[in-house]
Amino acid sequence: MNKTHKLVCVAMLTALSIVANFCTIQLPGNSAISFTLAICFFTGIYFGPLAAAIVGYMGDLIAHLINPMGAYNWFMALSITLYGVICALVYKARLPKIVNLLISAAICYIICLCGLNTFGLWLQYVVGVKSGIFGIGISGVVEFITMDQSGIKKSFWVYLATRAPMSAVNLTVNTVIVAGLQASGLVTKLMRKVRNKNTTEQADKANEVQQSQEFVADSEQNSKEK
């Protein structure tokens, strides 16, 4: 796939990620089913880690700018950015697709959903740290470390215990969607058609260049003969 086609695909997936952010299904305990995970997984599998990071982060950022739901949480932003990156890196292993997908899901569940995502929400809604100029990030961690922690009503581990089951539901839904796309073979066929189209276009361009060079050579030869 040439750079132009890849750029177009990444732009379309980013737009789809923005739409998916607005279609989030809220669950109890500040949890939700967000279909952006499936989009990030898909991007990582077929377009690589850089494209996945762009789609995940830009989809989250633009959706927040359009409809902000409180302070921007950098921990959640980092979490959504890493989904596709992790998936892309895991898929470099020569294992069956379903195995790679399950490994990716397990890593994302621990690092992103139970780690970064939950910690960011805990700081924001339970600890109640103040957001900095750019939102809740490192400054929130510093505030948490230096504050009187005796007033915190719920520890991170208790909060995690309430969110972990719902996060597992969220991840399972998105994993099933990606697994279904892989099993259907539709994406593979579509990618093959795009690659074949690119190959045909490159061959046509090569022929045009060759014909142009031959025309110039014939013109120069005719000029010399005259």
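Residues numbered from 1 in each chain as written. Predicted model: local features only at pLDDT ≥ 70, side-chain atom pairs only at ≥ 80, totals over all residues. Heavy atoms only, no water.

**Re the state of the cysteines**
What counts, and what does not: By definition, disulfides here are pairs of cysteine sulfur atoms that lie within 2.5 Å. For every residue, the accessible area obtained with a 1.4 Å probe (protein chains only) is divided by the maximum for its type, and the residue is called buried under 20%, exposed over 50%, and partly exposed between those limits.
Tallied over the entire structure, the rule returns zero disulfides. Counting only cysteine sulfurs, Cys108 is the nearest neighbor of Cys87, a cysteine outside any disulfide, at a range of 6.7 Å. Cys112 carries a free sulfur, and the closest cysteine sulfur to it, the one in Cys108, is 4.6 Å from it. For Cys112, a relative accessible area of 0% translates into the label buried.

**Section: the packing of helix α5 (residues 97-127) against helix α7 (residues 156-184)**
To be explicit about the condition: Here an axis means a line fitted to C-alpha atoms, over the contact stretch when the element is a helix, while the angle between two N-to-C directions is reported on a 0 to 180 degree scale. Helix numbering and strand numbering both begin at the N terminus, where a helix is a DSSP run of H or I of at least 4 residues and a strand a DSSP run of E of at least 2. When the near helix sits turned anticlockwise from the far one by under a right angle, the crossing is termed left-handed; a clockwise turn instead gives a right-handed crossing. For this classification, the nonpolar set comprises Ala, Val, Leu, Ile, Met, Phe, Trp, Tyr, Cys and Pro, the charged set comprises Asp, Glu, Lys and Arg, and every other residue, Gly included, is treated as polar.
Following both chains from N to C, one finds α5 and α7 inclined at 145°, their axes separated by 8 Å at the closest point. Viewed along their axes, α5 and α7 form a crossing whose handedness is right-handed. Residues belonging to the contact of α5 with α7 are distributed by class as follows: 18 nonpolar, six polar and two charged.

**A closer look at the layout of surface pockets**
Condition: Cavity means a closed set of points on a 1 Å grid over the protein atoms alone, one where a 1.4 Å probe fits but cannot get out, pocket means an open set with protein on both sides within 12 Å along at least 5 of 7 lines, and lining means a residue has an atom within 4 Å of a point. Grid points are joined across faces, edges and corners, and a volume is the space filled by probe spheres set on the points.
Approximately 910 Å³ is the volume attributed to the largest pocket. Around the largest pocket, the lining is made up of 31 residues, and of these Asn21, Thr24, Gln26, Asp60 and Met76 lie nearest the centre. If you list the elements that add at least two residues to the lining of the largest pocket, you get α1 (3-22), β2 (31-33), α2 (36-47), α3 (49-66), α4 (74-90), α5 and α7. Each residue belonging to the lining of the largest pocket can be placed in one class, and the counts come to 14 nonpolar, 15 polar and two charged.

**Side note on the environment of Asn67**
As for its position among the elements, Asn67 is in the loop between α3 and α4. With 46 residues separating them in the primary sequence, Asn67 and Asn21 have C-alpha atoms 10.0 Å apart.

**As for α2**
In an α-helix, one turn spans 3.6 residues, which is why side chains three or four residues apart end up on the same side. Threshold: In a helix, the anticipated span is given by 1.5 Å times the number of residues less one.
Taking 1.5 Å as the rise per residue, α2 with 12 residues should run 16 Å; its terminal C-alpha atoms sit 16 Å apart, in good agreement. Most of α2 sits inside the fold, with 12 of its 12 residues counted as buried. Every buried residue of α2 is accounted for by Thr36, Leu37, Ala38, Ile39, Cys40, Phe41, Phe42, Thr43, Gly44, Ile45, Tyr46 and Phe47. Looking one or two residues past α2, Gly48 carries a phi angle of roughly 95°, positive in sign.

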